[in-house]
Amino acid sequence: MNRKIARNIAIVSALFIATFSIMLITNYFQVRGFNPLQTEVIETLKQINDENSGNTQLQEQIRQLDLLARRAYFVRMNHLTAGVYILIGILIVFIAATRYYFTGVKDIPDKDVDPIDEWAEKTLARKYINMAAGGLVVAALLFALLSSPWLKSGKPESAGENPPMAQADESMPDLPEEELTPPEEGASALAEEVAPPKEAEPPAAQSIPNIADSASAPAKSEAPKVTHNSFRGNNANGISAAKNIPVEWDLNTSENIAWKSSVKRSGYNSPVVNGSKIFLTGADEQARELYCYDVNSGELLWTLTADQIPGSPSQMPSTTEDTGLAASTVTTNGRQVCAIFATGDLICANMEGKRLWAKNLGVPDNHYGYASSLLSFGSTVIVQYDNSNSPKLIALDMATGAQRWSKARTDKITWSSPSIAYIDGKPQLLLMGNPNITSYNPNNGEQNWAVKFLSGEVASSPCSSTGLVFSASEYSSLIAVDAATGEKLWEASDYLPEVSSPVATKDNVYIATSYGVLACYDAKSGELKKYWETNTEFYSSPVIAEDKIYLFSNSGKAFIYSANSDLTPISSFETGQKTFATPAFTDGRMIVRTEESLYCVRKKE
């Protein structure tokens, strides 16, 4: 090969390197805000599927859409990988051609040369060429790396291992979760560096005699598919896809009890479940802690302490006995889990218990104690922070702690928690306050509508069904709002909740009051259809699973009713343990937190 050919190869490869590098860099800016597996789309499909659970043809179409989304995602990643290898190969060709061309060239010859030779044969110019080509390639490779989900998820999963990803509900197998979006600029400054977690000595799960023999005990590696990611389940709406939940159990005889475990520190927050893991918190004057239990055995897997957080108060805020320092339920998306305490300390960990970030949002000015639960929306954690000092709604990246958006609020102190409703395929973030129930866009915090009707101390949370939003609070009323327009459709005031949150189906709205009444209202008209007086009080919220309403009284009495207009009683019995938290549901299991323990209800084979 003569020098002229080598020169032409070098020129062509240089042009190719420049073009291909620009394409890779452009690809990064095009895809960093785009994801073919967007959570909003997936959640919409889940919502459609839940509303049409008997339509097998629709479910098959959703599976096909899911498959196409997966293919599009992996084709893009394969193209990105191939592009990196091609770019490296062409760079090697360029270096080899230029080295061959300049072999033996020491000085500029005393003769007329064409402009390309004159430019190329100068020693300093040669260095500039190599530096420019190398720098362009390095930049392209860097942006290609930034486009890769390996960087976004921290590290690739080992072959054969299941990634720490939120499992789809049983009725929606194979639907993937949203991949992590790249952190926003300044994320490193916003996510505060903290010391590694202090490992606590896990107390052993308390075995109950004769729970199950080896033939009927579930395998420890079994991971349920139905998730319960926040207070009152996914989207915090009080509806679960779980099936085969027993309607009778006995803690004394261990009938239909899989296991029972102790919880080191107290708390009124509810358990959440994702895969094989249960999350909840506990706190006292000595420590605030996030716990992870195994769903199959009740074993405490890890404990994460919320400490060494800049801005965290040295003295605990004053709270009432029935609120405490750990009243807020945690949230998870299957990759991270976040918890908040009455001190304003917010911590987030991965599924193995490694602390990712922590920050103090400011000690809440709240005369009972902070109690609003967290809500996950894809890779975002939503915080309703309605307090006297600075009421606001905050959205943070669950992986980094970076603020995605924040919205100032004018509502007074509330103890309510946010929920998500899907209206015409689009998500709405619903918040109850004083005096408004307000709808926001969870992607940017922009307000959709607000209805003014609430008063007093608002503690219950909103719910939704088939385009309608329902909100109720004692000393106020129960209302239905058309979520598409923000128009109030009807109002009722027969029976109203103080703490417990309503739950709704397409036909009915169910209310549990602090004075022991369970009531059913018509979802379209507000007519009171049926009510039962139970002579007890409810703080726990009703949850519907497999067309049954599960509800616990403060004294620990369990009530199960049919989710119909007649509220047909199925069973009721005393469990013997005070229960203020709302239970969590997954495949064939109900996880109950009591004042004394954490236990799993599961039908024995």
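Owing to the predicted nature of the structure, the values given are computational and were not obtained by experimental measurement. (Residues numbered from 1 in each chain as written. Predicted model: local features only at pLDDT ≥ 70, side-chain atom pairs only at ≥ 80, totals over all residues. Heavy atoms only, no water.)

*Asks:* Talk me through the overall build of the protein; I want residue IDs and the actual numbers.
*Replies:* A tally of helices and strands in the protein yields seven helices and 33 strands. For the protein, with 605 residues in total, the buried portion stands at 56%. Counted over contacts in the protein with a minimum sequence separation of 6, partners at least 24 positions apart contribute 59%. Accessible surface, the protein as shown: approximately 26300 Å² in total, 52% of it carbon and sulfur. (Helix = DSSP H or I, 4+ residues; strand = E, 2+ residues; numbered from the N terminus. Buried < 20%, exposed > 50% of the residue type's maximum accessible area, 1.4 Å probe, protein only. Contact = heavy atoms within 4.5 Å. Areas by Shrake-Rupley, 256 points an atom, 1.4 Å probe, with all protein chains shown as cover.)

*Asks:* Lay out the nonpolar core with the relevant residues and their values.
*Replies:* By size, the foremost hydrophobic cluster in this structure holds 35 residues, and its most contacted members are L346, I347 and V383. The set of elements that each furnish at least two residues to this core consists of strand 4 (277-283), strand 5 (288-294), strand 6 (300-305), strand 8 (336-340), strand 9 (345-350), strand 10 (355-360), strand 12 (380-385) and strand 13 (392-397). Other than its neighbours up to four places away in sequence, I347 contacts L290, L304, A306, I309, V337, C338, A339, F341, R355, W357 and A358. Counting residues in hydrophobic clusters, the runner-up holds 19 residues, among them A241, Y550, F573 and F585. (Core = buried A, V, L, I, M, F, W, Y, C linked by side-chain atoms within 4.5 Å.)

*Asks:* Break down the pairing of strand 14 (residues 403-408) for me, citing the residues and quoting the values.
*Replies:* Note: strand 13 against strand 14, five bridges, orientation antiparallel. Looking at the pairing, A395 lines up with W405 of strand 14. Between strand 13 and strand 14, which follow one another and run antiparallel, lie five residues, and G401 among them has a positive phi close to 85°. (Pairing = 2+ DSSP bridges.)

*Asks:* Just give me the short version of the packing of aromatic side chains, but keep the residues and values in it.
*Replies:* In the structure shown here, the tally under the stated rule is 13 aromatic pairs. On the numbers, 5.1 Å between centres and 45° between planes, the contact of Y368 with W415 is tilted. You can see Y368 sitting in the loop between strand 10 and strand 11 (375-377) and its partner W415 sitting in the loop between strand 14 and strand 15 (419-423), a full 47 residues away along the chain. Owing to a relative accessible area of 29%, Y368 belongs among the partly exposed residues under this scheme. Centre to centre, the rings of F559 and Y561 are 6.4 Å apart; their planes meet at 10°, and the pair counts as stacked. Here the aromatic residues W532, F538, F559 and Y561 are joined through ring pairs into a cluster of three or more. The ring of W532 is capped by K530, whose NZ or CZ atom sits 4.9 Å from the centre of that ring. (Phe/Tyr/Trp six-rings, centres within 6.5 Å; stacked < 30°, edge-to-face > 60°. Lys NZ or Arg CZ within 6 Å of the ring centre and 35° of its normal.)

*Asks:* Tell me about the environment of N234, and name the residues and values.
*Replies:* Locating N234 in the fold gives a position in the loop between helix 7 (187-190) and strand 1 (239-240). Taking the C-alpha atoms as reference points, N234 and S419, 185 residues apart in sequence, are found 8.9 Å from one another. Here the side chain of N234 touches N229 through a polar contact of 2.9 Å, landing on its backbone nitrogen. (Polar contact = N/O pair within 3.5 Å; in protein donor to acceptor, adjacent residues only side chain to side chain.)

*Asks:* Break down the pairing of strand 9 for me, with residues and values.
*Replies:* Along strand 9, six of the six residues are buried, which leaves the element largely enclosed by surrounding structure. With burial as the criterion, each face of strand 9 is covered, one bearing D345, I347 and A349 and the other bearing L346, C348 and N350. Two strands pair when backbone bridges link them, and strand 8 and strand 9 are joined in this way by five bridges, in the antiparallel orientation. If you follow V337 over to strand 9, its bridge partner there is A349. Taken together, the five bridges between strand 9 and strand 10 define a ladder with antiparallel strand orientation. The residue bridging C348 from the neighbouring strand is W357, located in strand 10. Adjacent in sequence and paired antiparallel, strand 9 and strand 10 are bridged by four residues, among which G353 carries a positive phi angle near 95°.

*Asks:* Break down a negative patch on the surface for me, citing the residues and quoting the values.
*Replies:* Taken together, the side chains of E321, D322, E457, E498, E537, E595 and E596 present a region of like negative charge at the surface. Tracing the sequence through the fold places E596 in the loop between strand 32 (589-593) and strand 33 (597-602). Classification of E596 by relative accessible area gives exposed; the value is 52%. (Patch = residues over 30% accessible without salt bridge, like charges linked within 9 Å, V, L, I, M, F, W, Y side chains within 5 Å. Salt bridge = Lys/Arg side-chain N within 4 Å of Asp/Glu carboxyl O. Lys, Arg positive; Asp, Glu negative; His and termini not counted. Charge placed at Lys NZ, Arg CZ, Asp CG, Glu CD.)

*Asks:* Residues and numbers for the pattern of salt bridges, please.
*Replies:* Counting across every chain of the model gives eleven salt bridges. Linking E289 and R265 is a salt bridge whose minimum nitrogen-to-oxygen distance equals 3.0 Å. Of this pair, E289 sits in strand 5 while R265 is found in the loop between strand 2 (257-262) and strand 3 (272-274), placing the two residues 24 residues apart along the sequence. By relative accessible area, which is 3% here, E289 ends up buried. Between R409 and D411 there is a salt bridge, with the nearest N and O atoms lying 3.6 Å from each other. With relative accessibility at 6%, the residue R409 sits in the buried group. Within this structure, R265, D284 and E289 form a network of salt bridges that share partners.

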